[in-house]
Amino acid sequence: MRHVGWIAGAAAAVLVAAGAITYAVADGGGDSGTRTPAADSADAGFARDMAVHHQQAVEMSYIVRDRTKDVEVRRLAYDIAQTQANQRGMLLGWLDLWELPKVSADAPMTWMGMGDMSSGKDGSLMPGMATNAEMKRLGTLNGKQAEVFYLQLMTDHHKGGIHMAEGCVAKCTVGVEKRLAQGMVDAQQSEIKLMADMLKARDAKARD
């Protein structure tokens, strides 16, 4: 329980810090002095792709909250949903401030040099994303089965998200966005460890 609260607190601190200087990002402001990113930049690509990635995590989290009464899983799901919904709002808000489109004709992950990768089938647009069939299945499970499947899906989802966030840390030029991406890496790595313990407690483990 304490672990979940600590993670939520750390995530909230990242959100507050990023939100406090959101408007400075409109002109690249702040410490880096960078100009507004271009539509094909890593900054814009990460904002667009991570907004989509986060939206699925929010959907998964609200699904499992309706499928289990387990307090620990429901609290984790709520924390993930709130954190990622807020971060998604910031990413889309930055695109608005930069006057850049929220969608692109380029394939997902193009900004990471991975635009030619084979798109995942059945709605899995980026690494770690669940398929439509998996999302549908989650909505049919209850109790322990729902908890285990959610924790497995979210572990995969976080691993894909971490890969993307690390790409932004390496390639993005706007300081506050790079810091938000690093905060995502740190928080999601902690959540992966927590979810491994939660799966173990349910005689299960992450998927290979």
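Preceding block: the structure.
Let me begin by describing the structure that accompanies this report.

Here we look at the overall build of the protein
Here's step 1: Counting secondary structure elements, the protein contains 6 helices and 0 strands.
Here's step 2: The long-range share in the protein, meaning contacts at least 24 apart out of those at least 6 apart in sequence, stands at 75%.
Here's step 3: Taken as a whole, the protein presents about 10000 Å² of accessible surface, with 53% of it coming from carbon and sulfur.

Structural notes on the nonpolar core
Grouped burial of nonpolar side chains is what soluble globular proteins tend to show.
Here's step 1: Formed by 52 residues in total, the largest nonpolar core has its most connected members in F46, M60, L91 and Y150.
Here's step 2: Listing elements by their share of this core, those giving two or more residues are helix 2 (42-65), helix 3 (71-97), helix 4 (132-138), helix 5 (143-171) and helix 6 (175-201).
Here's step 3: The greatest single-element share of this core, amounting to 11 residues, is contributed by helix 5.
Here's step 4: When residues no more than four places from it in sequence are discounted, the contact partners of M60 are A130, M135, L138, Y150, L153, M154 and H157.

Some words on unusual backbone geometry
Here's step 1: Even without being a glycine, E99 presents a positive backbone phi close to 55°.
Here's step 2: Residue placement: E99 occurs in the loop between helix 3 and helix 4.
Here's step 3: Phi is positive for D203, close to 55°, though the residue is something other than glycine.
Here's step 4: On the secondary structure map, D203 appears in the segment after helix 6.
Here's step 5: Of the residues examined, D203 reaches a relative accessible area of 71% and is grouped as exposed.

With respect to the pattern of salt bridges
Here's step 1: Here the structure, examined in full by the defined rule, presents 6 salt bridges.
Here's step 2: With a closest N to O distance of 3.0 Å, R207 and E134 form a salt bridge. Placement of the pair is R207 in the segment after helix 6 and E134 in helix 4, with a sequence separation of 73 residues.
Here's step 3: Among the charged side chains, a salt-bridge network with shared partners connects D70, E72, E147 and R202.

Observations regarding the environment of V169
Here's step 1: Tracing the sequence through the fold places V169 in helix 5.
Here's step 2: Its relative accessible area of 26% is what places V169 among the partly exposed residues.
Here's step 3: Linking V169 and A181, residues 12 residues apart in sequence, is a C-alpha distance of 6.1 Å.
Here's step 4: The residues contacting V169, other than those within four sequence positions of it, are K178, A181 and Q182.

What counts as what
Residues numbered from 1 in each chain as written. Predicted model: local features only at pLDDT ≥ 70, side-chain atom pairs only at ≥ 80, totals over all residues. Heavy atoms only, no water. Helix = DSSP H or I, 4+ residues; strand = E, 2+ residues; numbered from the N terminus. Contact = heavy atoms within 4.5 Å. Areas by Shrake-Rupley, 256 points an atom, 1.4 Å probe, with all protein chains shown as cover. Core = buried A, V, L, I, M, F, W, Y, C linked by side-chain atoms within 4.5 Å. Buried < 20%, exposed > 50% of the residue type's maximum accessible area, 1.4 Å probe, protein only. Salt bridge = Lys/Arg side-chain N within 4 Å of Asp/Glu carboxyl O.

Functional significance is not addressed by these values, which are geometric in nature.
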